[in-house]
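Fold and geometry: a report
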Amino acid sequence: MRNLGPEFDEFVASASDSLLRTAYLLCGDRHLAEDLLQTALLRTARRWSAARENPTPYALRVIVNLGKDGWRNQGRRVVETPLTGVAGPVVPPPADDVLARQVLLAAVKRLPARQRAVLVLRFFADLSVEQTAEVLGCSVGTVKSQTHHALTKLREQLTQSLEDTYADR
């Protein structure tokens, strides 16, 4: 691949963190998210002449499409096991934050792929309804209805998780 110049380098430097967060929220696995990001950046680089005008939505669309492919092929994936003996974070986050994050991520992961993608793009990537529709290749109305359905399911799942937690006490 030829040198893409400073524009691409600036794009990668400025957008990688938010793209990685989006990929992680879509797939729920740090290592898979890093793979999605690397593949998305490679595909964006290959089509830089088309993506140059608005590269972030282009890369987001690639990440969402790669994520969909991953969800379709999830049954055929090799099961990965974490390394043992690898040092964790130096300062662990507070236990309540970890628990809340785990409950929320588990609830988001149980949503259908389209609803999960809509929530991640709208609320975590902070895209507008129109931008989300563009990234997903659907209508504005579809984004609105999928957002409504996803939030309703998420609210039900989180309410049930809270009820289960307090019923055990």
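Right above here is the structure, for reference.
My aim in this report is to walk through the structure given alongside it, one point at a time.

Conventions and cut-offs
Residues numbered from 1 in each chain as written. Predicted model: local features only at pLDDT ≥ 70, side-chain atom pairs only at ≥ 80, totals over all residues. Heavy atoms only, no water. Helix = DSSP H or I, 4+ residues; strand = E, 2+ residues; numbered from the N terminus. Axes fitted to C-alpha atoms, helices over the stretch in contact; angles between N-to-C directions. Parallel < 35°, antiparallel > 145°, perpendicular 65-115°, else oblique. Left-handed = near helix turned anticlockwise from the far one by under 90°. Contact = heavy atoms within 4.5 Å. Nonpolar A, V, L, I, M, F, W, Y, C, P; charged D, E, K, R; others polar. Expected span 1.5 Å × (residues − 1). Buried < 20%, exposed > 50% of the residue type's maximum accessible area, 1.4 Å probe, protein only.

**Here we look at unusual backbone geometry**
- The phi angle at D126 is positive, at roughly 60°, despite the residue not being glycine.
- Looking at the secondary structure, you find D126 in the loop between helix 6 (113-124) and helix 7 (129-136).

**Some words on the packing of helix 6 against helix 7**
- Across the interface, helix 6 lies against helix 7 with an axial gap of 10 Å and an inter-helix angle of 135°. It follows that helix 6 is oblique to helix 7 by the angle criterion. When the axes of helix 6 and helix 7 are compared, the crossing they make is right-handed. Contacts from R114, A117, V118, L121 and R122 of helix 6 reach helix 7 at V129, T132, V135 and L136.
- Considering only residue class, the contact of helix 6 with helix 7 consists of six nonpolar, one polar and two charged.

**Remarks on the packing of helix 1 (residues 6-27) against helix 6**
- The interhelical angle for the contact between helix 1 and helix 6, taken along N-to-C directions, is 150°, at an axis separation of 9 Å. When the interaxial angle is binned, helix 1 and helix 6 end up roughly antiparallel. Pair helix 1 / helix 6 crosses with right-handed handedness. Where helix 1 approaches helix 6, its residues T22, L25 and L26 are matched on the opposing element by R116, A117, V120, L121 and F124.

**Some points on the side chain of Q115**
- Tracing the backbone shows Q115 in helix 6.
- Sequence-distant contacts of Q115, defined by excluding residues within four places in its chain, comprise Q146, H149, A150 and K153.

**With respect to helix 6**
- Between its terminal C-alpha atoms helix 6 stretches 15 Å, which fits the 16 Å expected from 12 residues at 1.5 Å a residue.
- Considered for burial, the residues of helix 6 that qualify are Q115, R116, A117, V118, L119, V120, L121 and R122.
- A positive phi of about 60° marks D126, the residue just after helix 6.

Spatial relationships are all this shows, so hold off on functional conclusions.
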